[in-house]
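Letter by letter, the chains look like this.
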Amino acid sequence: ATAYPDWTFSDNAAQYTVRNFYVFVRPATNPADVGRLLAATDVDLAAGAVLNLNASTQAIHSVTGSGTVSNGVLAADTVLSPAGDGTVGTLALANVQFAAGVRYHADLGDRLNVTGPLDVSGMTVRINNPEGLVRSQTYTLIQTTAGVTGAATLETELPSGWKLVKRDNALLLISEGGTCLILK
């Protein structure tokens, strides 16, 4: 054993008496590292867990799970994927903004629940399972309490008629089209 163990936990949090876990990260000593301490890190947030961005811009490789990201800006190239690719889930955002270049990898049924407004300018959306699209269904990708602004780019090649639409505080994936009947 070393004097400085890596503090890796192998047990489930439910096995501990106290279930609050706080991580204090020392400030970056190199100015180039400010906001990049998690740049190569995949963060999986458990339900009820909060990742506080400390009112700053943070580069994070990816954020998955069903917890909450709060209080800051997610830097370009951060990947958001509620519950992870291949699993449907909901990830919460509170007082969070996106830098251009944030990527949202969504399975059909995934959702970002956002407290406050959200500007999606420069965000790219990838639908992980487009073969499951149902034309009669509307998919809510992002739901906010105060509106969606800006234009996100759809990265996935989808069947004809599918598009991203901002409506009623939400970013939706919908299919437009249908049959036109002319009655005389």
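Residue positions are given per chain, counted from 1 along the sequence in the order it is written. Where local features are concerned, this predicted model is filtered to residues with pLDDT of at least 70; where side-chain atom pairs are given and counted, the filter is 80 or more; whole-chain, interface and lining totals use all residues. Excluding hydrogens and water, the side-chain values take into account all heavy atoms of the structure.

Draft legend 1. Local environment of the sheet that holds strand S7 (residues 103–106). When DSSP locates at least two bridges between a pair of strands, those strands are taken to pair. Each helix is a run of DSSP H or I of at least 4 residues and each strand a run of E of at least 2, with the numbering of both proceeding from the N terminus. Judged by pairing direction, the sheet is parallel, and its six strands sit side by side in the order S1-S3-S5-S7-S10-S13 without closing on themselves. At either end of the open sheet lies a strand with only one pairing partner, and these are strand S1 (38–45) and strand S13 (153–154). Pairing between S7 and strand S10 (residues 124–127): four bridges, direction parallel. Looking across to S10, one finds that Tyr-104 is bridged to Val-125.

Draft legend 2. Quick look at the pattern of salt bridges. The term salt bridge refers to a side-chain nitrogen of Lys or Arg lying within 4 Å of a carboxyl oxygen of Asp or Glu. In this structure the tally under the stated criterion is two salt bridges. Between Arg-126 and Asp-85 there is a salt bridge, with its nearest N and O atoms 2.9 Å apart. Within this pair, whereas Arg-126 is found in strand S10, its partner Asp-85 is found in the loop between strand S5 (79–82) and strand S6 (90–98), the two being separated by 41 residues in sequence. Close ionic contact of Glu-176 with Lys-163 constitutes a salt bridge, the shortest N to O distance being 3.2 Å. Here Glu-176 is found in the segment after strand S15 (170–175), whereas its partner Lys-163 is found in strand S14 (residues 162–167), with 13 residues between them in sequence. For the exposure calls, accessible area comes from a 1.4 Å probe over protein chains only, and a residue counts as buried if that area is under 20% of its type's maximum, exposed if over 50%, partly exposed in between. By relative accessible area, Glu-176 is classed as partly exposed at 42%.

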